[in-house]
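# Structural overview for review
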Amino acid sequence: MGNLKSLQTLDLYDCRFSGSIPASLENLTQITTLNLEWNHFSGKIPNVFYNLRNLNFLYLVGNNLSEGVIPSAVNGFSSLSSVVLGYNYLLNGTIPSWLYTLPSLVELDLSHNKFTSCIGEFKFHSLKRIDLSVNELHGSIPSSIFELVNLSYLYLSSNKWSGVLETSKFEKLRNLTQLYLSNNMLSLTMSNNSNSMLPKIESIELSNNNISGILSWNYGISRSSFQLTARATSNSPNSTHFFSVSHNKLSGEISPLICKASSMEILDMSHNNFSGMLPHCLGNFSKDLFVLNLRRNHFHGIIPQTFLKGNFIRTLDFNGNQLEGLVPRSLIICRELEVLDLGNNKINGTFPHWSGALSKLQVLVLRSNRFHDSIMVTIKGLELEFVKILNTFTTIDLPSNKFQGEIPVCIRNLNSLRGLNSSHNDLRGQIPLSFRNLKMLESLDLSTNQLSGQIPQELARLIFVSVLNLSQNHLTGFIPQGNQFGTFGNDSYYKNAGLCGFPLSRRCTADEIPYPSQEIEAGFESGFDWKITLMGYGCGLVIGLSLGCLIFLGGKLEWLVWIIEKNIHKKIVRNKRSIRRRGVGIS
C-alpha cells in the first residue's frame, strides 16, 4: 500500500481488519482522507503524522488502539479538519498541545478513552464538534470553548470536570444544538444581566452534577443556570427534543410553558427537589415524547388525565412523589408504553385491570400506595384480560398496599414468573400448591400478610429460588427440605410461631410430619404461553431473558427503569450521531 503515492482517499470503514496499522502509510504523502473506523486494529498509532501534511480527515474511531499516546509533535497539518479517535478505550496520557493549534480543525473526538489531566486552550474558532466524553479529564472547562462561535456539538460528559460555570459564558454559543455535561462535578451560576439563550439547542444533558437553584421556564434557572429552554416562551415550536437535569438539587415548579416544547422526546427531571402540581398538558404536549421521568421529587396533586391518541410514550415514571387520586384510565391509549412506575405515592382506588390492554408493558410498579382490592377478584376474575398483558411479564410486585383475599390457584399458569412480591398486604388463606408449577421462580416474598396453613412441601422442587421471605404470617408445620430450602436462614420464617424444622431450632412433633398436599386445581386452563410483565423492584438476582437481575426485600427497580430509558435514549442519540459529519459540514 505504501507504493500508492498518489492516493488521496483511503476508506476502509468497517472492514474487520486487524493487527497493527501499517507504518507504510507514511508514504502516502498525497492522502487527504484516511478512514480506518470500526475495525480491529490494535497497538500503537503509527508515527505517520510527519509526512501526511495534506491530511484533512483522520478517522480511527472504534478500534483497539491501546499502546502509548497520541504523538506529541507533528509538522504541518494546516488543513487537518477532523481528528476522530474515539472508542478505542485505552488511549491515554495528556492530549497533545498541537491539537489545540490546528487552524482548520472542525471535529475533535477523543471520547471513550483514558486521557487524563487538564486540557489546554484552543487557539482558533473553527471547531463545530468536540467530544471528550468518558475520559478522566479534570479541572475547569477551558474558557476558549465558550469562544467557539461555530460550535454545534459539545460532549464533555463522564469526566471529572469541576468548578463553577458562569452562565454568561454560553452567550456566544448561538449555534449550539447538543450540550452534554452530565456525570461531572459542575455547578452553574447566573450572571447579572445574563442573556445566555441557546436558540438552536436540541439536547441538554446536565444530570449528575451539583446544580442547584430554582428552575424558571421563563428565565432559566435563577441564580444557578442559564435559559435552557428559552424558546419555550416563543410562538414557534421549540426544537429541544432531549432535556435531562436529573440527580441535581434543582427546585421550583413545572410551568405550563413546557407545553410549547412540542418536539420533546425525553424529559428527565428526576431526583431533584421540584414541587407543585403537574401541568394538565404534561401527557399530551409532544407527539414525539418517549420518556417522561419525574421520579423522586415533591410533586403533588393528580396524574395528568389526557394523553395524545397515537402517542409514542414508552416510559412514565412518577415514583417517589406525593401524587394522589386514581390511575388515569386514559393511559390505555399509550399503546407503546413499556414502563409505568407509580410507586411510593398516595394513589388510591383499585388495581388498574385495564392495563391488560397494554401489550408492550414491561414494568408496572404500584408499591407503597393506597390501593385496595381483592387479589382473587383482580387476578382470577380477570384472567382473560390478563392474557394480553402477561405476554411480557416476568415479575409481579404489589407490596405495601391494601390488597385482600386469597392467592388465586390460577397463578400456576404464570409459568415464566421469576419474581413475586405481595408483601405487606392483607392476604389470607394458604399458600397455593399451584406454586409448584412456577419452575422459573427465583424470588418469592409473601411476608407480612395473614397467610396460614402449611408451606407446600412441593415448593422444594423450585430449584431456582434464591430469595424467600415468608416472615410475619401464621404458617404452621414442617418447613420443606432439600434443594434451595437448605440455603434459607431463620429470617425467611421469622414470626411464624407454628413452623418447625430446619433452620429453626424448634423440632417437629409426630403430628407435624408433612403429608402430601392436595388442592383442587380448578380455574382457567389457558391455551396461551403465559409469561409475566415486570411489576417489581430490585437488583442483584439473575433472572434470565434480557431483563438483568431482580431482588425484592427492599430493593429498588430504579436501575431497570434507567436501563430501559437509556436504551431508548441511546437509539435516539445513535440516529443523531450517525449523521454527525453531515451536521458539522464534513463530507
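Residues numbered from 1 in each chain as written. Predicted model: local features only at pLDDT ≥ 70, side-chain atom pairs only at ≥ 80, totals over all residues. Heavy atoms only, no water.

Here we come to the overall build of the protein chain. If you tally the helices and strands in the protein chain, you get four helices and 40 strands. Looking at the 587 residues of the protein chain, the share that counts as buried comes to 55%. Within the protein chain, residue pairs in contact and separated by at least 24 positions form 58% of the contacts whose partners lie at least 6 positions apart. Surface exposure of the protein chain reaches about 24100 Å², of which carbon and sulfur atoms provide 52%. (Helix = DSSP H or I, 4+ residues; strand = E, 2+ residues; numbered from the N terminus. Buried < 20%, exposed > 50% of the residue type's maximum accessible area, 1.4 Å probe, protein only. Contact = heavy atoms within 4.5 Å. Areas by Shrake-Rupley, 256 points an atom, 1.4 Å probe, with all protein chains shown as cover.)

The next point concerns the packing of aromatic side chains. Going through the model one piece at a time under the given rule, you end up with 11 aromatic pairs. Geometrically, the ring pair formed by Phe 274 and Phe 299 is stacked, given 6.5 Å between the ring centres and 10 degrees between the ring planes. Remark: Phe 299 occurs in strand E25 (residues 298-302) and Phe 274 occurs in strand E23 (residues 273-277); sequence separation between them is 25 residues. By the burial criterion, Phe 274 is buried, and Phe 299 matches it. Aromatic side chains Phe 485 and Phe 488 sit 5.5 Å apart centroid to centroid with 80 degrees between the ring planes, which places their arrangement in the edge-to-face category. In this structure, Phe 485 and Phe 488 share a single accessibility class: buried. (Phe/Tyr/Trp six-rings, centres within 6.5 Å; stacked < 30°, edge-to-face > 60°.)

In terms of nonpolar packing, the biggest core is built from 125 residues, with Ile 130 and Phe 435 touching the most fellow members. Those elements giving two or more residues to this core turn out to be strand E14 (160-166) and strand E16 (185-189). Discounting chain neighbours no more than four positions away, the residues touching Ile 130 are Leu 108, Phe 122, Ile 145, Leu 148, Leu 151, Tyr 153, Leu 154, Tyr 155 and Leu 156. Ranked by size, the runner-up nonpolar core spans seven residues in total, among them Tyr 153, Tyr 155, Tyr 180 and Phe 290. (Core = buried A, V, L, I, M, F, W, Y, C linked by side-chain atoms within 4.5 Å.)

As a further point, take unusual backbone geometry. Cis rather than trans, the peptide bond between Phe 502 and Pro 503 has omega equal to 10 degrees. A positive phi angle, near 60 degrees, is found at Asn 344, a position not held by glycine. Despite not being glycine, Ser 368 has its phi angle at roughly 55 degrees, a positive value. Within the element layout of this structure, Ser 368 appears in the loop between strand E30 (363-365) and strand E31 (370-374).

Attention now moves to the environment of Leu 80. Looking at the secondary structure, you find Leu 80 in the loop between strand E6 (64-65) and strand E7 (82-84). Residue classification places Leu 80 among the buried positions, given a relative accessible area of 0%. A C-alpha to C-alpha distance of 7.6 Å links Leu 80 and Asn 54, two positions 26 residues apart in sequence. For Leu 80, the contacting residues outside a window of four places in its chain are Leu 55, Asn 56, Phe 57, Trp 98, Leu 102, Ser 104 and Leu 105.

Let's shift gears to the confidence of the model for the protein chain. Per-residue pLDDT for the protein chain averages 79, and the proportion of residues at 70 or more is 76%. Ranking the helices and strands of the protein chain by mean pLDDT puts strand E11 (residues 129-131) first, with 98, and helix H2 (residues 383-389) last, with 29. Across residues 218-237, where pLDDT falls below 50, the model places 70 contacts with residues more than four positions away in sequence or in other chains. Under a pLDDT of 50 for its full length, residues 519-560 has, in the predicted model, 155 contacts with residues more than four places off or in other chains. (pLDDT = per-residue confidence, 0-100.)

On to the side chain of Asn 113. Locating Asn 113 in the fold gives a position in the loop between strand E9 (107-109) and strand E10 (114-117). At 2.9 Å, the side chain of Asn 113 and the backbone nitrogen of Tyr 89 are in polar contact. A distance of 3.2 Å separates the side chain of Asn 113 from the backbone oxygen of Leu 110, its partner in a polar contact. (Polar contact = N/O pair within 3.5 Å; in protein donor to acceptor, adjacent residues only side chain to side chain.)

What follows is about the state of the cysteines. Covalently bonding the sulfur atom of one cysteine to the sulfur atom of another cysteine gives a disulfide. The tally for this structure, following the rule as stated, stands at two disulfides. Here Cys 259 connects covalently by a disulfide to Cys 281, the sulfurs 1.4 Å from one another. Of this pair, Cys 259 sits in the loop between strand E21 (249-252) and strand E22 (266-268) while Cys 281 sits in the loop between E23 and strand E24 (291-293), and the two are 22 residues apart along the sequence. For Cys 259, a relative accessible area of 23% puts it in the partly exposed group. Regarding the disulfides, the protein chain carries the connectivity 1-2, 3-4 under sequence-order numbering of its bonded cysteines. (Disulfide = S-S within 2.5 Å.)

Burial of the side chains of strand E29 (residues 346-349) is restricted to one face: Ile 347 and Gly 349 are buried, whereas none of Lys 346 and Asn 348 on the reverse face is. Note: strand E27 (residues 322-325) against E29, two bridges, orientation parallel. Opposite Glu 324, over in E29, you have Lys 346 as the bridge partner. (Pairing = 2+ DSSP bridges.)

What follows covers the pairing of E23. What you see with E23 is a clean split: Phe 274 and Gly 276 sit on the buried side and Asn 273, Ser 275 and Met 277 on the side with no burial. In this sheet, E23 lies alongside E21 in parallel orientation, the contact comprising two bridges. When the bridges of E23 are listed, Ser 251 appears paired with Asn 273.

Tallied over the full model, the rule gives nine salt bridges. Arg 129 is the salt-bridge partner of Asp 131, the closest N and O atoms lying 3.6 Å from each other. What makes Asp 131 buried here is its relative accessible area of 1%. Overall, the relative accessible area of 2% leaves Arg 129 in the buried class. Measuring nitrogen to oxygen at the nearest pair gives 2.8 Å for the salt bridge that ties Asp 341 to Arg 295. With Asp 341 in strand E28 (residues 339-341) and Arg 295 in the loop between E24 and E25, this residue pair connects regions lying 46 residues apart in the sequence. (Salt bridge = Lys/Arg side-chain N within 4 Å of Asp/Glu carboxyl O.)

In this section: the sheet that holds E6. Within a sheet, adjacent strands bond to each other through the backbone by hydrogen bonds, running parallel or antiparallel. An order of E2-E4-E6 is seen for the three strands of this open sheet, with the pairing classed as parallel. Strands at the two margins of the open sheet, each flanked by one partner only, are strand E2 (18-20) and E6. Pairing of E2 with strand E4 (residues 40-43), which is carried by three bridges, proceeds in the parallel orientation. Bridge pairing in E4 links Gly 19 to Phe 41.

This next bit is on the sheet that holds E16. Strand order in the open sheet formed by five strands is E8-E10-E12-E14-E16, and the pairing between neighbours is parallel. Only two strands of the sheet have a single neighbouring strand rather than two, namely strand E8 (92-93) and E16. Where strand E12 (residues 136-139) meets E14, two bridges bridge the pair, whose relative direction is parallel. The residue of E14 that forms the bridge with His 138 is Lys 160.

Next up on the list: the environment of Lys 346. Within the secondary structure, Lys 346 sits in strand E29. Judged by relative accessible area, which is 33%, Lys 346 ranks as partly exposed. Residues Lys 346 and Arg 370, spaced 24 residues apart in sequence, show a C-alpha to C-alpha distance of 5.9 Å. Each residue touching Lys 346, except ones within four places of it in the same chain, is listed here: Gln 322, Leu 323, Glu 324, Gly 325, Asn 369 and Arg 370.

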